[in-house]
Amino acid sequence: MTRRRPPASDPREATPGARAATRRASTRPARAAASADAAAASTVSGAVDAVARQLFLPEQRRMRAFLDEPTPVAPGVACPSASTVATLLNARPPLSGQRVAVIGEPTGYLAACCAQLGCDVTVEANRPETRDRATAAWAAGARVAGVAHGRVAWGPRSIDAATDTFDHIIVGRPIDEPRARTLLERLDPGHGVLVAPTSDTDTSRLVVWARSANGVHRVDAGDLSTSRSSAANRQAG
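What this report covers is the structure whose coordinates are included nearby. (Residues numbered from 1 in each chain as written. Predicted model: local features only at pLDDT ≥ 70, side-chain atom pairs only at ≥ 80, totals over all residues. Heavy atoms only, no water.)

**As for the pattern of salt bridges**
- The full count for this structure, using the stated rule, is 10 salt bridges.
- Arg 99 is paired through a salt bridge with Asp 167; the nearest N and O atoms lie 2.9 Å apart. Placement of the pair is Arg 99 in strand β3 (residues 99-103) and Asp 167 in the loop between β5 (151-154) and β6 (168-171), with a sequence separation of 68 residues.
- Between Arg 99 and Asp 188 there is a salt bridge, with its nearest N and O atoms 3.5 Å apart. Taken together, the residues span a long stretch of sequence, with Arg 99 in strand β3 and Asp 188 in the loop between α5 (177-184) and β7 (193-198) at a distance of 89 residues.
- Among the charged side chains, a salt-bridge network with shared partners connects Arg 99, Asp 167 and Asp 188. (Salt bridge = Lys/Arg side-chain N within 4 Å of Asp/Glu carboxyl O. Helix = DSSP H or I, 4+ residues; strand = E, 2+ residues; numbered from the N terminus.)

**Topic: the sheet that holds β5**
- What the 7 strands build is an open sheet, ordered β5-β4-β3-β6-β7-β8-β9; its pairing is mixed. What marks the edges here is a single partner per strand, and that holds for β5 and β9 (215-223). Within the sheet, the average angular offset between the axes of one strand and its neighbour, ignoring direction, is 20 degrees.
- Here β3 pairs with strand β4 (residues 120-123) via 4 bridges, running parallel. Bridging across to β4, Val 100 finds its partner in Val 121.
- Against the sheet, helix α2 (residues 82-90) engages β6, β7 and β8 (205-212), with an angle of about 145 degrees to β6. (Pairing = 2+ DSSP bridges. Axes fitted to C-alpha atoms, helices over the stretch in contact; angles between N-to-C directions. Contact = heavy atoms within 4.5 Å.)

**Side note on the environment of Asn 126**
- With respect to the helices and strands, the residue Asn 126 is situated in the loop between β4 and α4 (128-144).
- Look at Asn 126 and you get buried, because its relative accessible area is 12%.
- Distance in space between the C-alpha atoms of Asn 126 and Glu 105 is 9.8 Å, their sequence separation being 21 residues. (Buried < 20%, exposed > 50% of the residue type's maximum accessible area, 1.4 Å probe, protein only.)

So, to be careful, I would describe these as geometric facts and stop short of saying anything about function.
Laid out in structure tokens, this is it:
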């Protein structure tokens, strides 16, 4: 009796070349995701590098602009370091053209980096002592470093009073879960994203909440080493 040959698709009959092709195909989604993450990180890095941080600091502290640490700018307010801003943005990079709200970072530096990514940025305006310098820095940045690829403007004292919803909300100081739930209501229900450090643990953890038609998905994005800047900004809201 003649033995029937297994179909060509049987893995036992696959040639080494075919098996290698199968392995390559199975890893393509992971490689594509890694490539997309690397591209996003590169874009964020370029945006942060393009923004002149010294413009957001008092004249007497501008020599500290290139130190990777938070810099006090007013009582209870510190300008976050470049690495902290990059971490906040890389957790879920906002896309060009998206409506972004910045909360708890009244120096204007984080907002300028979002605008450099091409976003339409609204900043919670609850610290008048930093407003004039931030406004001047945005204008100077637009002339010098191309900060105004997107748009940046002051919003209400509390983003809760805003009439519009947002695609993306970034918070520069730790918040608790009740506050996060309130801010989630300010997001577009179809695709909104909230990025914030959480104050529910002893260490500052960065959390991403993604709102969709299926509900809210919460992801722990790791440690955020902003203890000094977070403490300095606790009075920002």
